2 protein chains.
Amino acid sequence: MAKRQGKRTILFDRPPVILGQAAVVGKREGEGPLGDLFDEVHDDNLIEEGSWEKAESKLQKLAVSTALKKANLRADDIDTIFAGDLLNQCIGSSFGLRELGIPFVGLYGACSTMALSLGCASQFIDSGAAKYAVAVTSSHFCAAERQYRFPLEYGGQRPPTAQWTVTGSGAIVLSDAGKGPRVTSLTIGEIEDLGIKDANNMGAAMAPAAATTIRHYLSDTHTNPDDYDAIFTGDLGEVGTTLLYELLERDGVDLSRNHEDCGLLIYDREVQDVHAGGSGCGCSASVLCAYILKKLREGEAKKVLFCATGALLSPTSTQQGESIPSIAHLVCIEAPKN
Amino acid sequence: MAKRQGKRTILFDRPPVILGQAAVVGKREGEGPLGDLFDEVHDDNLIEEGSWEKAESKLQKLAVSTALKKANLRADDIDTIFAGDLLNQCIGSSFGLRELGIPFVGLYGACSTMALSLGCASQFIDSGAAKYAVAVTSSHFCAAERQYRFPLEYGGQRPPTAQWTVTGSGAIVLSDAGKGPRVTSLTIGEIEDLGIKDANNMGAAMAPAAATTIRHYLSDTHTNPDDYDAIFTGDLGEVGTTLLYELLERDGVDLSRNHEDCGLLIYDREVQDVHAGGSGCGCSASVLCAYILKKLREGEAKKVLFCATGALLSPTSTQQGESIPSIAHLVCIEAPKN
């Protein structure tokens, strides 16, 4: 039975255990600072498929099957899978997972989806509605570019505030028992929209949502940033991270000492031409699975917050002159029990 | 605490109560057989907004605010809202609900989303993760046509198997206490794909998913169709309904005696030019809120199944020669306790 703490935080009574996880990425991600930590790196952007969209579906399929293998489970053992991506009508997930025969909850939170899927999967397990669940998300640079921006062949210029969509997928297998990192609480974000209209500056649009969710979580749990070994945001990048610090500083919260952004961790911005950092559903998902959970498993961190951020715009809303509503969901993950 | 029954069904221990619901629709839906039952009928397809997409967002906003009013609650009372729609990146929901400040779970299940959002909201309440929750979905004929098919101005011909996307939204307010119809169980569907490729024949693509979910539910709960006053599907239309009967008949299940399809209820196909029936997230949502819940409240039905169906395709997947993966989620709703 879940308990509510404060206005917006859900504490899990029997924190779900992460039995296995996998991160499958593309070439550029493999060449980045976390390259050695990913389960699979694919140098071919099409991963032997006929289109980038089909390649993205394959990323999810590979991530789920690898995570299941590491958890020593089969698809048939899983009660519910929570999945999402950035493609129109979330076809990355529906086509990637259609052969598994697992009850399927499709989620949409743009780049925040990994925290949402992990949180909802945890909620289902904590409550007894599932014994085993999977959370998975993906993104693909080429599929996202042509859908959100320009055909790759057009060679459009990218402003310095733009981010690079990660080609990758992360999948997590959860259970109500076993040994592994545990998801102990969840704050579901609310939509924030401070009027940013520049679709090439998602970091600025998403920073207020991250600030709000982190503020809510710290206030609900009566904790401060120093109570955590690290606080990870999803894909604020360089611009959004700076804004997040400024926004929280106004409330007397100093996040700079133990904050890291998945969008800044995944690429080497000095060497790789990614402008303000990485982004996409696959960014926070692959960094969570390859890097953050490894730290927790190996005792390098005891307790972290994972706050994935999403910009809930579409090309249509931008063309109609709309601003960018954003959202951030947060889960607290703790090291395995001794 | 939820209990699992059989392989795929979740029984709620403390069945969430529906405190209020609202259905807001467009002109054609108002002219149909259920016209008098809707809370609001808008003759203007733009509902005083600048675009059809913005009008769809407004439908959601109006449905939620009316449902809250009927439940005697304010947005601030709601712990979590579960929402989805058919537009790319689900902008119907994110823009429609951005001003409410309610923790927001974005869902994508195509036209099946109302059963998914109602099921997930119920799960959160049953487990104590929320005290009050809202489930809402929408669709808009004009926005869906130009996104999925052709610009309206083009005047494309529609084959007889095509369905008409409902302009409408339905919203439901749930609580852990109070008086009203109760959501007593949930079966989350799995993705089915029998290889149908005709995007103008969604009924055929979705019928196998409905058959699978209904079969799972009946088998998990050891019941048969006669144990329910009615079994509603979301938007199979004429073609899909016939196929559903055939598929279930093979397993010895006769659904024809007490089955109704929301897509066949909402329009008069003799008079209104809608071909195989209504469809869209807003179809099952508005029929549920206006018609089905009314029957339960007024004692005309004691126990019904609501099985919403969705086709998880996109124009991109169709252009790439893909078939249509489909899904159906099911909730059991019972009349208020005396």
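Heads up: the structure comes first, above all this text.
What you see is a predicted model, and the numbers here were worked out from it, not measured in a lab.

Residue and element names in this part refer to chain A. Extensive coverage of helix α5 (residues 141–148) is indicated by the burial of 7 of its 8 residues. Burial in α5 covers these residues: F141, C142, A143, A144, E145, Q147 and Y148. Those residues of α5 hidden inside the fold are in contact with α2 (52–70), β7 (132–139), β8 (164–165) and α10 (315–319).

All names here are of chain A. Under the defined criterion, the tally for this structure stands at 10 aromatic pairs over all chains. Between F82 and F124, the aromatic rings sit 5.0 Å apart at their centres with planes inclined by 70°, giving edge-to-face as the arrangement. Of this pair, F82 sits in strand β5 (residues 80–85) while F124 sits in helix α4 (residues 113–126), and the two are 42 residues apart along the sequence. We note that F82, like F124, is buried.

Taken as a whole and judged by the stated rule, the model has 0 disulfides over all chains. Looking at the unpaired C332(A), the closest cysteine sulfur is the one in C307(A), lying at 12 Å. On the accessibility criterion, C332(A) (1% relative accessible area) is buried. With no disulfide partner, C307(B) has as its closest neighbouring cysteine sulfur the one in C262(B), 9.9 Å distant. Looking at C307(B), the relative accessible area reads 0%, which means it is buried.

All right, on to the interface of chain B and chain A then. Facing 60 residues of chain B, the contacting portion of chain A comprises 60 residues. Of the roughly 4,900 Å² buried between chain B and chain A, counting both surfaces, carbon and sulfur atoms make up 57%. When the buried surface of chain B facing chain A is broken down by residue, Q89(B), R98(B) and I191(B) rank first, second and third, together holding 14% of it. Our enumeration of links across chain B and chain A arrives at 8 salt bridges. In this structure, R98(B) and D193(A) form a salt bridge, with 2.6 Å as the shortest nitrogen-oxygen distance. Across the chain B-chain A interface, the total number found is 33 residue pairs in polar contact (both at pLDDT 80 or more). Put simply, the parts of the chain that give the side of chain B that touches chain A at least two residues each are α2 (52–70), α3 (91–97), β6 (104–106), α4 (113–126), α5 (141–148), α10 (315–319) and β15 (326–334) of chain B. Examining the composition of the side of chain B that touches chain A, we find that 5 residues originate from one element, α4(B), more than from any other. Split into classes, the residues belonging to the side of chain B that touches chain A amount to 28 nonpolar, 18 polar and 14 charged.

Conventions used here
- Residues numbered from 1 in each chain as written.
- Chains lettered and ligands numbered in written order.
- Predicted model: local features only at pLDDT ≥ 70, side-chain atom pairs only at ≥ 80, totals over all residues.
- Heavy atoms only, no water.
- Buried < 20%, exposed > 50% of the residue type's maximum accessible area, 1.4 Å probe, protein only.
- Helix = DSSP H or I, 4+ residues; strand = E, 2+ residues; numbered from the N terminus.
- Contact = heavy atoms within 4.5 Å.
- Phe/Tyr/Trp six-rings, centres within 6.5 Å; stacked < 30°, edge-to-face > 60°.
- Disulfide = S-S within 2.5 Å.
- Buried area = accessible area lost by both parts, 1.4 Å probe.
- Salt bridge = Lys/Arg side-chain N within 4 Å of Asp/Glu carboxyl O.
- Polar contact = N/O pair within 3.5 Å; in protein donor to acceptor, adjacent residues only side chain to side chain.
- Nonpolar A, V, L, I, M, F, W, Y, C, P; charged D, E, K, R; others polar.

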